[in-house]
Amino acid sequence: MITILDYSVNNLRSVQKAFEHLGHQTQVTSDADEIARAEKLVLPGVGAFGEAMRNLEAKGLIDPVVAHAQSGKPLMGVCLGMQLLFDWSDELGVYSGLGILGGGVHRFTDAPDLKIPHIGWSGLTFPRESKLYHGLENGEMTYFVHSYHVQPEDPSIVAATAHHGQTFVAGVERENVMGAQFHPEKSSAVGLRILDNFGKL
Amino acid sequence: MPAKRIIPALDIKDGRVVKCVQFENMRDAGDPVERAAFYDQAGADELVFLDISASHERRDIIAELAAKVCEEAFIPFTVGGGLKTTDEMASILAAGADKVFINTSAFQTPDLIAQGAERFGVQCMVVAIDAKKRGDDWEVFLHGGRTPTGKGAIEWAREAEAKGAGEILLTSMDGDGTQAGYDLELTRAVAEAVSIPIIASGGAGTIDHIYDALTYGKAEAALVASVVHYGLLSIGEIKSELKSRGVEVR
């Protein structure tokens, strides 16, 4: 069973339907007790960092998510959901994140001809083997929509990178905690493979 | 830069696809959900649904459509056609659409772009512009091309960007439906005037047209309709030919 955290974000339904398409059972919940019992937890996310953290806090979900990460059970953040795993973000102010992974979230640096947000399909590079990205080959493309990207303190947690004016972190994995900056639920067959890797953990 | 995108556009009336032919392995070419899954598997990078229904229940039908599409197709999709409020946009996005596009309502109430951008993020807000050649520039038309505005497309594109548009879906009314090629000068002029991505639309008939729009025209994406719906070209053919000519595609 894959538990998808509901904290008023939009891509939740797409994530759920993609898992179901792959034959995985899902539940969508914002109930702290159900989250405490979750086997595999997915933190989806679209929107602004500060507002997402406010929603999590208002629903009393910060502690259950952090506890889940500490328990060693699989946790995946998607897009903003991955950013929330980090210490802080400077999106529209400075906001604290969940602090599960060390590091910050920063905007792409403006440059001539660089379109921000980064919207579209970009190729992934895998610096190391990981559970989430198992079986994928360098160059396979996934769908991104974001203006901000994570900068982990510990470079060894980087599981995938992509390029948009600069090389940035597209995926992370530290033991049971993993994430994707792109949208696997919108990345066709490659994205489904990644979700299936998580679902089969 | 991200890969250049090929985006089939589907016109939807009362929940059914308008204009299309049956392909092998397709049970019902008029079913938008099956159609969406077909184009996902064929390698399309995104989908655009234009709702042209006139019925009062259209909002519910189109939100229901968005909900069903994301059960079968796992690529981004944009929905638009007559949207006037951020609440209407919210129901479509909550159902699983990735973006909405607005056209006439954005022109008449430019703050609607800002309200949508604030509520959903600029990445969700696509402003569609229908433009027609007028001497040395291009004029914006509303209501599906029936109402001239007197305003130039470049000026409006700049304003839309300033209000918070994340992308511009730019249709050449002169090219639309002709399969005679995109208006490359229009596409290039608008692409150079703004820093947000341009989706070229209107006139795709050959791979050359698409290649030109994505290179000379400086578009980030090419909308295709009849040329793929009627099976004249497949997404796979378009992609492999673009790739062989050095265009980065998925």
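Just so it is clear, the model here is predicted, and its values are computed rather than measured.

The rules behind each value
- Residues numbered from 1 in each chain as written.
- Chains lettered and ligands numbered in written order.
- Predicted model: local features only at pLDDT ≥ 70, side-chain atom pairs only at ≥ 80, totals over all residues.
- Heavy atoms only, no water.
- Contact = heavy atoms within 4.5 Å.
- Buried area = accessible area lost by both parts, 1.4 Å probe.
- Salt bridge = Lys/Arg side-chain N within 4 Å of Asp/Glu carboxyl O.
- Polar contact = N/O pair within 3.5 Å; in protein donor to acceptor, adjacent residues only side chain to side chain.
- Helix = DSSP H or I, 4+ residues; strand = E, 2+ residues; numbered from the N terminus.
- Nonpolar A, V, L, I, M, F, W, Y, C, P; charged D, E, K, R; others polar.
- Phe/Tyr/Trp six-rings, centres within 6.5 Å; stacked < 30°, edge-to-face > 60°.
- Buried < 20%, exposed > 50% of the residue type's maximum accessible area, 1.4 Å probe, protein only.
- Lys NZ or Arg CZ within 6 Å of the ring centre and 35° of its normal.
- 1 Å grid on protein atoms, 1.4 Å probe; cavity = no way out; pocket = protein on both sides within 12 Å on 5 of 7 lines; lining within 4 Å.
- Points joined across faces, edges and corners; volume = space filled by probe spheres on them.
- Pairing = 2+ DSSP bridges.
- pLDDT = per-residue confidence, 0-100.

(A) Focus on the interface of chain A and chain B. Taken residue by residue, the interface counts 24 residues in chain A and 34 residues in chain B. Buried area between chain A and chain B, both sides added, is near 2400 Å², and the carbon and sulfur share of it is 59%. Of all residues in chain A, K115, W121 and K186 of chain A give up the largest surface area on contact with chain B, accounting jointly for 28% of the area buried on that side. Counting the contacts that link chain A with chain B gives two salt bridges. Of the charged contacts in the structure, one is a salt bridge between E71 of chain B and R13 of chain A, with a shortest N-O distance of 2.8 Å. Summed over the shared surface of chain A and chain B, the result is 11 residue pairs in polar contact (both at pLDDT 80 or more). When contributions to the side of chain A that touches chain B are tallied by element, the ones reaching two or more residues are α1 (12-21), β8 (118-123), β9 (141-146) and α6 (188-199) of chain A. For the side of chain A that touches chain B, a count of residues per class yields nine nonpolar, nine polar and six charged.

(B) Highlighting the packing of aromatic side chains. All names here are of chain B. If you walk through the whole model with that rule in mind, you get 10 aromatic pairs over all chains. Pairing F38 with Y39 gives two aromatic rings, centres 5.3 Å apart and planes at 70°, and the pair type is edge-to-face. Since its relative accessible area comes to 25%, F38 is described here as partly exposed. Looking at Y39, the relative accessible area reads 1%, which means it is buried. The lysine or arginine in question, K132, covers the ring of F141, its NZ or CZ lying 5.5 Å from the ring centre. The ring of W138 carries the charged tip of K133 above its face, separated from the ring centre by 4.6 Å.

(C) Layout of the layout of surface pockets. All names here are of chain B. The computed volume of the second largest pocket comes to approximately 990 Å³. L50, F101, N103, D130 and G144 are the residues nearest the centre of the second largest pocket, which is lined by 43 residues in total. Within the residue set of the lining of the second largest pocket, elements represented by two or more residues are β1 (5-13), β3 (47-51), β5 (99-102), α4 (104-108), β6 (125-134), β9 (167-172), β11 (221-224) and α9 (226-229). Partitioning the lining of the second largest pocket into residue classes produces 16 nonpolar, 19 polar and eight charged.

(D) Looking closely at empty space enclosed by the protein. Scanning the model with the defined rule gives one cavity of 30 Å³ or more in all. Estimates place the volume of the largest cavity at around 40 Å³. Residue composition of the lining of the largest cavity, grouped by class: four nonpolar, two polar and three charged.

(E) Looking closely at the pairing of strand β11 (residues 158-163) of chain A. All names here are of chain A. Taken across its six residues, β11 has five buried, putting it largely inside the fold. One ladder, built from five bridges, connects β11 with strand β12 (residues 167-174); its direction is antiparallel. Note that in β12 the partner of A160 across the bridge is G171. Hairpin remark: β11 followed by β12, antiparallel, with three residues in the connecting loop; positive phi at G165, about 75°.

(F) Layout of the environment of C124 of chain B. Residue and element names in this part refer to chain B. With respect to the helices and strands, C124 occurs in the loop between α5 (111-120) and β6. For C124, a relative accessible area of 5% corresponds to the buried category. For the pair C124 and A165, spaced 41 residues apart in the sequence, the C-alpha separation amounts to 8.2 Å. Setting aside residues up to four positions removed in sequence, C124 forms contacts with L93, D98, K99 and V100.

(G) Molecular detail of the confidence of the model for chain B. Averaged over all residues, the pLDDT of chain B is 93; the fraction at 70 or higher stands at 96%. Scored by ipTM, the complex comes to 0.91, with pTM at 0.93.

(H) Main features of the sheet that holds strand β10 (residues 148-152) of chain A. All names here are of chain A. Spatial ordering of the open sheet is given by β6-β5-β7-β10, a layout of four strands whose pairing is mixed. Sheet topology places β6 (95-96) and β10 at the edges, where each strand pairs with a single neighbour. Where strand β5 (residues 88-89) meets β6, two bridges bridge the pair, whose relative direction is antiparallel. Along β6, the bridge assignment pairs S89 with Y95.

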